[in-house]
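Listed below are the residues making up each chain.
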Amino acid sequence: MYANYVSVTIHDYDAAVATLTETILPMLKSQPGFQGGTWTADRETGQGHALALFDTKENALAAAAMVPPGGDDEPVTRSPVTTIEVVAHV
């Protein structure tokens, strides 16, 4: 199993959650090998983290390649996507 990890700085919390639930999650759910994930956000600090799980490295890399570059009009600024091997999952 492999994971795509990204950290974000949230500029507009409500818009970020709406984008996540209305756009990002449906897109991820349709990706080959998607196994689930976790998204976190801290309203006070404006920091968030995402971990999306995939069955193979190839599927994780393919999904990571679909992430568009961020723009100034987005509700978050994100780090580059890092694809890493999952060594334990419960």
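Residues numbered from 1 in each chain as written. Predicted model: local features only at pLDDT ≥ 70, side-chain atom pairs only at ≥ 80, totals over all residues. Heavy atoms only, no water.

Visitor: Report on the overall build of the protein, specifying residues and quantitative values.
Guide: Within the protein, the regular secondary structure consists of two helices and five strands. Taking 12 Å as the expected radius of gyration for a compact globule of 90 residues, we find that the protein reaches 13 Å, a close match to that expectation. Structurally, the protein occupies a C-alpha span of about 35 × 25 × 20 Å along its principal axes. The buried share of the protein, taken over its 90 residues, is 26%. In the protein, 4 positive and 11 negative side-chain charges are present, and the distance between their average locations comes to 5 Å. (Helix = DSSP H or I, 4+ residues; strand = E, 2+ residues; numbered from the N terminus. Rg over C-alpha atoms; globule rule 2.2 N^0.38 Å. Buried < 20%, exposed > 50% of the residue type's maximum accessible area, 1.4 Å probe, protein only. Lys, Arg positive; Asp, Glu negative; His and termini not counted. Charge placed at Lys NZ, Arg CZ, Asp CG, Glu CD.)

Visitor: With reference to specific residues and values, describe the layout of surface pockets.
Guide: Approximately 760 Å³ is the volume found for the largest pocket. Along the walls of the largest pocket sit 32 residues, with Val6, Leu20, Ile24, Trp39 and Arg78 positioned nearest its centre. Of all the elements in the fold, those that place two or more residues in the lining of the largest pocket are strand 1 (2–10), helix 1 (13–29), strand 2 (34–42), strand 3 (47–54), helix 2 (57–65) and strand 4 (76–78). Broken down by element, the lining of the largest pocket gets its largest block of residues, nine residues, from helix 1. Among the residues forming the lining of the largest pocket, the class breakdown is 24 nonpolar, six polar and two charged. (1 Å grid on protein atoms, 1.4 Å probe; cavity = no way out; pocket = protein on both sides within 12 Å on 5 of 7 lines; lining within 4 Å. Points joined across faces, edges and corners; volume = space filled by probe spheres on them. Nonpolar A, V, L, I, M, F, W, Y, C, P; charged D, E, K, R; others polar.)

Visitor: For the packing of aromatic side chains, give the residues involved together with the corresponding values.
Guide: Applying the stated criterion across every chain, the model contains one aromatic pair. Arranged with centres 5.7 Å apart and planes meeting at 65 degrees, the rings of Phe34 and Phe54 form a pair that is edge-to-face. Placement of Phe34 in strand 2 and of Phe54 in strand 3 is noted, with a sequence separation of 20 residues between them. (Phe/Tyr/Trp six-rings, centres within 6.5 Å; stacked < 30°, edge-to-face > 60°.)

Visitor: For the nonpolar core, give the residues involved together with the corresponding values.
Guide: In terms of nonpolar packing, the biggest core is built from five residues, these being Leu28, Ala52, Phe54, Ala60 and Ala63. Of all the secondary structure elements, the ones that give two or more residues to this core are strand 3 and helix 2. Those residues in contact with Leu28 that lie beyond four places of it in its chain are Phe34, Trp39, Ala52 and Phe54. (Core = buried A, V, L, I, M, F, W, Y, C linked by side-chain atoms within 4.5 Å. Contact = heavy atoms within 4.5 Å.)

Visitor: Quick one: what's the story with the environment of Asp42, residue by residue and with numbers?
Guide: Inspection of the secondary structure puts Asp42 in strand 2. Along the chain, Asp42 and His11 lie 31 residues apart, while their C-alpha atoms are 12 Å from each other. A distance of 3.1 Å separates a polar atom in the side chain of Asp42 from the backbone nitrogen of Thr45. (Polar contact = N/O pair within 3.5 Å; in protein donor to acceptor, adjacent residues only side chain to side chain.)

Visitor: Tell me about the pattern of salt bridges, and please be specific about residues and values.
Guide: Proximity of charged atoms lets side chains of opposite charge pair with each other. As enumerated under the stated definition, the model contains one salt bridge in all. For Glu74, the salt bridge is made with Arg78, and the minimal N-O distance between the two is 3.0 Å. On the basis of relative accessibility, which here comes to 26%, the residue Arg78 falls in the partly exposed class. (Salt bridge = Lys/Arg side-chain N within 4 Å of Asp/Glu carboxyl O.)

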